[in-house]
Amino acid sequence: MRIKVEGGNPLNGTYTPSGSANAAAACLAAALLTEHPVTLSSVPHTTSTESLLELANFLGTEISGGGDLPFEFITAQIAKRHLTPSVTGGMVGGMLFVAPVLARRGYVRLEVDFPLNRVRTHLDALRDLKQDVTISNGAVEIKATHWEHLDILLSQASVTATGMVMMLAATQGRETVIRNAACEPHVQALGQMLERMGAQVEGIGSNCVRIFGTRELVGTHATLPNDHIEGASAAAMIALSGGRGKVAGVRRSDMQMIGRTFHWLGMTLDIDADDSFVPRHESLSMSNREEDVDASIESAPWPGFPSDLVPMATVVASQAVGTALIHEKMFNNRLLFVDKLNSMGAQIVLCDPHRAIVVGKTPLRGIYMDTPDVRAGLSLLAAALVADGTSTIDNAQAIANSFDGVIGKLQALGAKIHVE
């Protein structure tokens, strides 16, 4: 998909993010832990979610509903125990489905087409849970065992590893303590769902979770939280455009650090319990927090500033008066998209794959660009909305991988976006 974006049009009105695709992945996998019906509301229509729905169907789940209705999942039995890249889409998120297959079939064979060090945290966690893990010729074979009491430490606060371990703890263990657990909103949604299914989960929202499992989980209904990454991105676009509006349905607890970080870049959000209000910004000016730069932005595990918003923060910094240091501490190569911002007129020095210095404010001009991934895609779209002239973004379908209907919702606010 290719889109053309006319810059310079203020965005005004109410923007409601869709359900979280990350929460959908975890809760969809959890739906397969039981033979009883499970319903999920606010499931986003995204490429990643569609792939996982296909995976659930492949494993034997009967799926109904969708659209304006909740999805219903009935998994009378897990029909397959062999997961290949063709059915997982090569996604690391496919590791989430290891849990229901192990829990209900006792064995799973997982083939991957990426280096196993990408799932090293997951494999270490499985071994810590006393599961029998063997690796041969690019395939991982896992045999399930039950346990009474285990206290494990994740080597990284990985979202997918935490979700996988939580699901296994809810079904395979009597008592499990998970330390250095991820605690993002979508992990919290999984913990709350497991509680409604019959497990006892303590410490939801913290990095130490204690789970008392049960041999048979029951069916439940869960409503996915609205996507805080999409909501924060929409707020930034509204502010950068010179408009004013409201981002509806994202909890205060999910926006607190995001709002604070945006404030350091000169962007103000009025955050209520479930809504964030974006006033009209005549200009942005970074607050003086450091001796050598006006703002220092660092990604960190939740509840720190999310890595997924680092590209958007970079665009905001380019439109604020001052000098910002952007430090992506968690992942490699997520700042490589800044060459496109520089082509638009930004002044950004990429120090190394993890750090960039942004000097603002600089006017941006419309250019042709492709989008390498969903995170950079949203930030490039934000840059195009404030640029002088028309920008063309190729491969814009990447935005639909994790976010439902972003372009249409921005058009409703006044964005001039033409889909080709």
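Residues numbered from 1 in each chain as written. Predicted model: local features only at pLDDT ≥ 70, side-chain atom pairs only at ≥ 80, totals over all residues. Heavy atoms only, no water.

Asks: Would you mind showing me how to read the overall build of the protein here?
Replies: A count of helices and strands for the protein gives 13 helices and 24 strands. Computed over C-alpha atoms, the radius of gyration of the protein comes to 22 Å, within 12% of the 22 Å expected from 2.2 N^0.38 for 420 residues, which places it in the range of a compact globule. Summarising its shape, the C-alpha atoms of the protein cover approximately 60 × 45 × 45 Å along the three principal directions. Long-range contacts, defined as pairs at least 24 residues apart, comprise 71% of the intrachain contacts of the protein with a sequence gap of at least 6. If you sum the accessible surface of the protein, you get close to 16,500 Å²; carbon and sulfur atoms cover 46% of it. (Helix = DSSP H or I, 4+ residues; strand = E, 2+ residues; numbered from the N terminus. Rg over C-alpha atoms; globule rule 2.2 N^0.38 Å. Contact = heavy atoms within 4.5 Å. Areas by Shrake-Rupley, 256 points an atom, 1.4 Å probe, with all protein chains shown as cover.)

Asks: Please clarify how the state of the cysteines should be interpreted in this entry.
Replies: Each disulfide is one covalent bond, formed between the sulfur atoms of two cysteines. Under the counting rule described, the total for this entry stands at zero disulfides. Cysteine C27 shares no disulfide, and the gap to the nearest cysteine sulfur, in C183, comes to 16 Å. (Disulfide = S-S within 2.5 Å.)

Asks: Honestly, the pattern of salt bridges in this entry has me stumped. Any pointers?
Replies: Side chains that carry opposite charge are capable of pairing whenever their charged atoms lie near each other. Summed over all chains, the structure comprises 15 salt bridges. Put simply, E148 and R174 hold a salt bridge, and the shortest N to O gap is 3.3 Å. Of this pair, E148 sits in strand β10 (residues 147-153) while R174 sits in strand β11 (residues 173-179), and the two are 26 residues apart along the sequence. On the basis of relative accessibility, which here comes to 42%, the residue E148 falls in the partly exposed class. (Salt bridge = Lys/Arg side-chain N within 4 Å of Asp/Glu carboxyl O. Buried < 20%, exposed > 50% of the residue type's maximum accessible area, 1.4 Å probe, protein only.)

Asks: Just to check I follow, could you spell out the pairing of strand β23 (residues 390-394) for this structure?
Replies: Looking down a regular strand, the side chains alternate between one sheet face and the other. Counting buried residues along β23, four of its five residues qualify, which places the element largely inside the surrounding structure. Inspection of the sheet shows strand β22 (residues 368-370) paired to β23 by three bridges, in the parallel sense. Looking at β23, one finds that M369 is bridged to I393. (Pairing = 2+ DSSP bridges.)

Asks: It is not clear to me how the packing of helix α6 (residues 159-172) against helix α7 (residues 185-196) should be interpreted in this structure. Could you clarify?
Replies: Helix-helix packing is described using two parameters, namely the angle between the two axes and the distance between the axes. Their axes nearest at 10 Å, the elements α6 and α7 cross at an angle of 5°. Compared by their axis directions, α6 and α7 come out roughly parallel. In this structure, α6 uses V159, T162, G163, M166, M167 and A170 to contact α7, whose residues at the interface are H186, V187, L190, G191 and L194. The residue makeup of the contact of α6 with α7, split by class, is seven nonpolar, four polar and no charged. (Axes fitted to C-alpha atoms, helices over the stretch in contact; angles between N-to-C directions. Parallel < 35°, antiparallel > 145°, perpendicular 65-115°, else oblique. Nonpolar A, V, L, I, M, F, W, Y, C, P; charged D, E, K, R; others polar.)

Asks: What should I look at first to understand helix α8 (residues 228-241) in this one?
Replies: The periodicity of an α-helix, 3.6 residues per turn, causes residues three or four positions apart to be oriented the same way. Across its 14 residues, α8 extends 20 Å between first and last C-alpha, which sits within 8% of the 20 Å expected from 1.5 Å per residue. Across the 14 residues that make up α8, a large majority, 14, are buried. The opening residue of α8 is D227, an N-cap whose side-chain oxygen sits 2.8 Å from the backbone nitrogen of I229. Note on α8: the residue one or two positions beyond its end, G242, has a positive phi of about 85°. (Expected span 1.5 Å × (residues − 1). Polar contact = N/O pair within 3.5 Å; in protein donor to acceptor, adjacent residues only side chain to side chain.)

Asks: Please explain the environment of I135 as it appears in this structure.
Replies: Of note, I135 is situated in strand β8 (residues 132-136). For I135, the residues in contact, after removing those within four places along its chain, are L116, R120, L123, R127 and V140.

Asks: Just checking my understanding: could you explain the sheet that holds strand β21 (residues 355-360) for this structure?
Replies: In a beta sheet, neighbouring strands are held together by backbone hydrogen bonds and run either parallel or antiparallel to one another. Here four strands make up an open sheet; going across it, the order is β18-β19-β21-β20 and the pairing mixed. Across the chains shown, the open sheet's two edge strands, defined by having one partner strand only, are β18 (295-298) and β20 (347-352). On average, each strand axis in the sheet is inclined to that of its neighbour by 15°, with strand direction left out of account. Sheet topology places strand β19 (residues 322-327) next to β21; six bridges connect them, and they run antiparallel. Note on β21: the bridge partner recorded for T323 is V359.

Asks: Please clarify how the side chain of S20 should be interpreted in this entry.
Replies: Along the polypeptide, S20 turns up in the loop between β2 (13-15) and α1 (21-31). Here the side chain of S20 touches N22 through a polar contact of 3.3 Å, landing on its backbone nitrogen. Apart from the residues within four sequence positions on either side, S20 is in contact with P44, H186, L224, P225, N226 and D227.

Asks: Is there a simple way to think about the nonpolar core in this case?
Replies: Looking at soluble globular proteins, one finds that nonpolar side chains tend to be buried together. By size, the foremost hydrophobic cluster in this structure holds 72 residues, and its most contacted members are F97, M167, M193, L194 and I211. In terms of residue count, the dominant contributor to this core is α1 (nine residues). Contacts of M167, omitting those with residues within four sequence positions, involve A26, A29, A30, L33, L96, A99, L190 and L194. With 71 residues, the next largest nonpolar core counts I3, L240, A295 and V406 among its residues. (Core = buried A, V, L, I, M, F, W, Y, C linked by side-chain atoms within 4.5 Å.)

Asks: It is not clear to me how α7 should be interpreted in this structure. Could you clarify?
Replies: Compared with an ideal rise of 1.5 Å per residue, which puts 12 residues at 16 Å, α7 spans 17 Å between its outermost C-alpha atoms and is within 8% of the ideal. Along α7, nine of the 12 residues are buried, which leaves the element largely enclosed by surrounding structure. Directly after α7, the chain includes G198, whose backbone phi takes a positive value near 120°.

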